[in-house]
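Structural overview for review
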Amino acid sequence: MGKKTEAVTPGQRLGYAADYIQGPGTYERDGLLYASVVGHKYIDQSKNEQLPTIRVSKEKEQSAVPEVGSVITGKVIRVAPHQATIAIMVVGETPCKEDFMGVIRTQDVRAAEKDKVKIYNSFRPGDIVKADVISLGDARSYVLSTAKNELGVIFATSVAGVPMIPISWQEMQCPKTKTIELRKCAKPV
């Protein structure tokens, strides 16, 4: 790890190209090195008497942000008669560093028989679900959908505290007590 110096912004001059090896987060123009990203300037000394390397590194990586069409993984926080509230934990394959909330409305639980859906028979607090982002929603939450076969509950625990196994698209069973509970299960991939 090199010596950390001051914070820099894109376009800020870092030094002469003849004095340093160009590292990540930098670019060269007319014999000078400039920062290409916002971050801190680091000077890494070389071991075999070459020129030191100058680089700019971001302190905080960008968090994943849900977009329309992206698949999220989240935890059911609350279940109301007409919607389930989801805390979004992962967008695609990238974990979220910030807190994002989403809602799955009764009409977005499944593609067929939308009028027969009961939220409590599809999700329970603590379930881990995979869902599509179908709308940016309002300032508080994204609008999510589990209407595709591969979307729905991917992990749930029974009343006995044991991870349940999906036995159909709408039922999960506790392997310990053999109790069957209703869920909107995701098709195993």
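Residues numbered from 1 in each chain as written. Predicted model: local features only at pLDDT ≥ 70, side-chain atom pairs only at ≥ 80, totals over all residues. Heavy atoms only, no water.

Let us look at the nonpolar core. With 26 residues, the main nonpolar core has Ile72, Ile86, Ile88, Ile104, Phe123 and Leu144 as its most contacted residues. If you tally residues by element for this core, the top one is strand β9 (residues 83-91), at four residues. In terms of nonpolar packing, the next biggest core, distinct from the first, is built from eight residues, Ala17, Leu33, Ala35 and Val56 among them. (Core = buried A, V, L, I, M, F, W, Y, C linked by side-chain atoms within 4.5 Å. Buried < 20%, exposed > 50% of the residue type's maximum accessible area, 1.4 Å probe, protein only. Helix = DSSP H or I, 4+ residues; strand = E, 2+ residues; numbered from the N terminus.)

A word on the sheet that holds strand β2 (residues 13-16). If you walk across this open sheet you meet the three strands as β2-β5-β4, and the pairing is antiparallel. At either end of the open sheet lies a strand with only one pairing partner, and these are β2 and β4 (26-29). Each adjacent strand pair in this sheet contributes to an overall mean axis angle of 30°, direction not counted. Examined bridge by bridge, β4 and strand β5 (residues 32-35) share four bridges and lie antiparallel to one another. Directly across from Arg29, in β5, lies its bridge partner Leu32. (Pairing = 2+ DSSP bridges. Axes fitted to C-alpha atoms, helices over the stretch in contact; angles between N-to-C directions.)

A separate point is the packing of aromatic side chains. What the rule picks out here adds up to two aromatic pairs. Arranged with centres 5.5 Å apart and planes meeting at 25°, the rings of Tyr27 and Tyr34 form a pair that is stacked. Residue Tyr27 is classed as partly exposed on the basis of its relative accessible area, which comes to 28%. Judged by its relative accessible area of 17%, Tyr34 falls in the buried class. Centroid distance Phe100 to Tyr142: 6.0 Å. Interplanar angle 75°. Geometry classified as edge-to-face. Residue Phe100 is located in strand β10 (residues 94-105), and its partner Tyr142 is located in strand β12 (residues 142-145); the two are separated by 42 residues in the primary sequence. The ring of Tyr16 has Arg13 lying over it, and the distance from NZ or CZ to the ring centre is 5.9 Å. Positioned above the aromatic ring of Tyr42 is the side chain of Arg55, whose terminal nitrogen or guanidinium carbon lies 4.4 Å from the ring centre. (Phe/Tyr/Trp six-rings, centres within 6.5 Å; stacked < 30°, edge-to-face > 60°. Lys NZ or Arg CZ within 6 Å of the ring centre and 35° of its normal.)

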